[in-house]
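Architecture and fold: a report
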Amino acid sequence: MQKVKETAEKIRTMEIRGAGRIAKAAAEAIRDYAAELEVTSMEEFSAKIKEVSDLLISTRPTAVSLPNAVKLASKYSSDNVEDARQEIIKNANLFIERADRALEKIGKIGSRRIQDGDVIMTHCNSHAALSIITTAFESGKDISVYSTESRPRCQGILTIRHLNDFGIPTTLIVDSAVRYYMKDVDKVIVGADAIAANGALVNKIGTSQLALAAHEARKSFMVAAETFKFSPSTIVGNPIEIEERDAEEIIDPAILKELPHVQVRNPAFDFTPAEYIDMIVTDIGIIPPAMAYTVIKEHLGWELGEI
Ligand SMILES: O=P(O)(O)OC[C@H]1O[C@H](OP(=O)(O)O)[C@H](O)[C@@H]1O
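Residues numbered from 1 in each chain as written. Predicted model: local features only at pLDDT ≥ 70, side-chain atom pairs only at ≥ 80, totals over all residues. Heavy atoms only, no water.

Selection criterion: UniProt positions are given in the numbering used here, feature names are shortened, and annotations may be inferred rather than shown by experiment.
The name that an unreviewed UniProt entry assigns to the protein chain is Ribose 1,5-bisphosphate isomerase, with the source organism given as Methanosarcina thermophila. Within the UniProt record for the protein chain, the comment given under Catalytic activity (unreviewed entry) is "alpha-D-ribose 1,5-bisphosphate = D-ribulose 1,5-bisphosphate".

Structural data, given as structure tokens:
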């Protein structure tokens, strides 16, 4: 349990972050917990697996990859402990392998849509979006990137380091410079924390500003998302909760204490409506946002069981 608690804490504090990475970390945590779990009955086994699943899911509320991963990894049908344990180990490993393969596939599929000479803008730090960009560059395309700072956690710094390691010409800009530079950009590529059944995207706060600016400037807006980023529960109209993080990510609490009339809001994500999205690059191919429901139904729904 201690190891699961540590992983949960790392996800909560964002030491482990990125919708895909937290999903993989949760699957690993459940697998290792199940492998070592000592119980005397199946009831106890089920209760313990549920307890760790709930703990992991509670760490961050928005990225649907997390509950999807937990549900897929902790799935078992056997009614004896040893077989159920082996099922969980197998399902968790399957999820982890699938997640790694998905990133590669998204890179291959998405990079075909990048033209030689393209200037790309990206936001935050998405491993899926970066897979497209670096695959295109490695296939010999002469591209360059504008990367936003992505306040308040500044994940843009991770992105520029990654792009720099590949030797990709990159410009770091503040979030408020997105519209100013959009005229110089050919394509916007962002990741996803969740995609709703109606094709709306939930991603790092500020993503919808990139989408609006791209729409205004008639630039292409591409989303890179593994199929496990699609949200099954949105089929039945459940909303996706937007995580609001601590004020101290934005302002020193000592300063805030001196300002009794000031409050701070710090939503970590926003919604981009489907009409601003040209395509979603998934591991099963490129789809228009209107096909989100089909992805959930045919590639997630059955595996996740009852919504
Ligand atoms: O799964 P990958 O593509 O890496 O990232 C997807 C998204 O997850 C991140 O969330 P956070 O930084 O954990 O809040 C960003 O919003 C990013 O766009």
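Quick word on helix H2 (residues 19-36)
Which entries qualify depends on this criterion: Numbering of helices and strands runs from the N terminus, with a helix taken as a DSSP run of H or I at least four residues long and a strand as a DSSP run of E at least two residues long. Multiplying 1.5 Å by the helix residue count minus one yields the expected span of that helix. Working definition: with a 1.4 Å probe on protein chains only, accessible area under 20% of the residue-type maximum means buried, over 50% means exposed, and in between means partly exposed. Working rule for contacts: check all heavy atoms of both residues, and any pair within 4.5 Å makes them a contact.
For H2, spanning 18 residues, the distance from its first C-alpha to its last is 27 Å, which sits close to the expected 26 Å at 1.5 Å a residue. Among the residues of H2, Ala19, Gly20, Ile22, Ala23, Ala25, Ala26, Ala27, Ala29, Ile30, Tyr33 and Ala34 are the ones counted as buried. Those residues of H2 hidden inside the fold are in contact with helix H1 (2-12), helix H3 (42-57), helix H4 (65-73) and helix H5 (81-111).

Details of the site of the ligand
Under the convention used in this document: It suffices for a single heavy atom of a residue to lie within 4 Å of a molecule or strand for the residue to be listed as near it. In protein, a polar contact means a hydrogen-donor-capable atom and an acceptor-capable atom, both N or O and within 3.5 Å, with residues adjacent in sequence counting only if both atoms are side-chain atoms; elsewhere, any N or O pair within 3.5 Å suffices. With residues, only the protein chains shown are counted as cover, and all accessible areas are computed by Shrake-Rupley using a 1.4 Å probe.
Around the ligand lies a shell of 18 residues, among which Arg17, His127, Asp193, Asn203 and Lys204 are the nearest. One nitrogen or oxygen atom from the main chain of Gly18 is found 2.8 Å from an oxygen atom belonging to the ligand. Ala19 is positioned such that a nitrogen or oxygen atom in its backbone is 3.1 Å from an oxygen atom of the ligand. Against a free-state accessible area of 450 Å², the protein chains account for coverage of 100% of the ligand.

A look at a nonpolar patch on the surface
Keep this limit in mind: A patch is a set of surface residues, each over 30% in relative accessible area and not in a salt bridge, joined within 9 Å for like charges and within 5 Å for the nonpolar side chains Val, Leu, Ile, Met, Phe, Trp and Tyr. Each reported salt bridge corresponds to a side-chain nitrogen of Lys or Arg within 4 Å of a carboxyl oxygen of Asp or Glu.
The grouping of Ile255, Leu259 and Val262 at the surface amounts to a nonpolar patch, some 230 Å² of accessible area in total. By the secondary structure assignment, Val262 is in the loop between helix H10 (253-257) and strand E8 (269-272).

Some details on the side chain of Asp118
Looking at where Asp118 falls in the secondary structure, it is placed in the loop between H5 and strand E1 (119-122). Looking at Asp118, the relative accessible area reads 6%, which means it is buried. A distance of 2.8 Å separates a polar side-chain atom of Asp118 from the backbone nitrogen of Gln115. At 2.6 Å, the side chain of Asp118 and the side chain of Lys187 are in polar contact. Once residues lying within four places of it in the same chain are set aside, the contact partners of Asp118 are Arg113, Asp142, Ile143, Ser144, Asp186 and Lys187.

Let's talk about the nonpolar core
Most often, soluble globular proteins keep nonpolar side chains buried together rather than apart. Using the following cut-off: Working definition of a nonpolar core: buried Ala, Val, Leu, Ile, Met, Phe, Trp, Tyr and Cys residues. They are joined through side-chain atoms within 4.5 Å.
Within the largest apolar cluster, 29 residues are counted, with the highest numbers of intra-cluster contacts made by Met121, Val188, Ile195, Phe221, Val223 and Phe230. Contributing elements (two or more residues each) for this core: E1, strand E4 (187-190), helix H9 (207-216), strand E7 (220-224) and helix H11 (292-304). When residues no more than four places from it in sequence are discounted, the contact partners of Phe221 are Val188, Val190, Leu201, Thr207, Leu210, Ala211, Ala214, Thr272, Tyr276, Ile277, Asp278 and Met279. Core analysis: the second largest hydrophobic core is formed by 24 residues, Ala8, Ala34, Leu37 and Val81 among them.

Considerations on the UniProt feature "binding site: substrate" (unreviewed entry) in the protein chain
Under the feature "binding site: substrate" (unreviewed entry), the UniProt entry names Arg17, Gly18, Ala19, Gly20, Arg60, Asn203, Lys204 and Lys229. Spanning 213 residues, the named residues form one tight spatial group whose C-alpha atoms are at most 14.4 Å apart. Within the secondary structure, Arg17 is located in the loop between H1 and H2. Looking at Arg17, the relative accessible area reads 13%, which means it is buried.

Looking at the domain arrangement of the protein chain
Just so we agree on the cut-off: Start and end positions for the domains come from either an automated domain assignment or a database one. Here the buried area means the combined drop in accessible surface, using a 1.4 Å probe, for two parts upon being joined, counting both sides.
Under the domain assignment, the protein chain is made up of domain 1 (2-102) and domain 2 (106-304). When each unit is reduced to the centre of its C-alpha atoms, the spacing between domain 1 and domain 2 is 26 Å. Taken residue by residue, the interface counts 22 residues in domain 1 and 30 residues in domain 2. In this assembly, domain 1 packs against domain 2 so that about 2100 Å² is buried in total across both faces, 55% of it on carbon and sulfur atoms. A per-residue breakdown of the area domain 1 buries against domain 2 is headed by Arg17, Thr62 and Ala102, which together make up 28% of the total. Its salt-bridge partner being Arg60, residue Glu243 comes within 2.9 Å of it at the nearest N-O pair.

Quick word on H3
Condition: The arc in question is traced by the directions running from the helix axis to the C-beta atoms.
Taking 1.5 Å as the rise per residue, H3 with 16 residues should run 22 Å; its terminal C-alpha atoms sit 22 Å apart, in good agreement. Inspection of H3 places Met42, Phe45, Ile49, Val52, Ser53 and Leu56 among the buried residues, and these make up the whole buried set. Projected down its long axis, H3 shows its buried positions confined to an angular sector of 105°, all on one face. Summarising the geometry of H3, the exposed residues directed more than 90 degrees from the buried face are Glu43 and Lys50. Those residues of H3 hidden inside the fold are in contact with H1, H2, H4 and H5.

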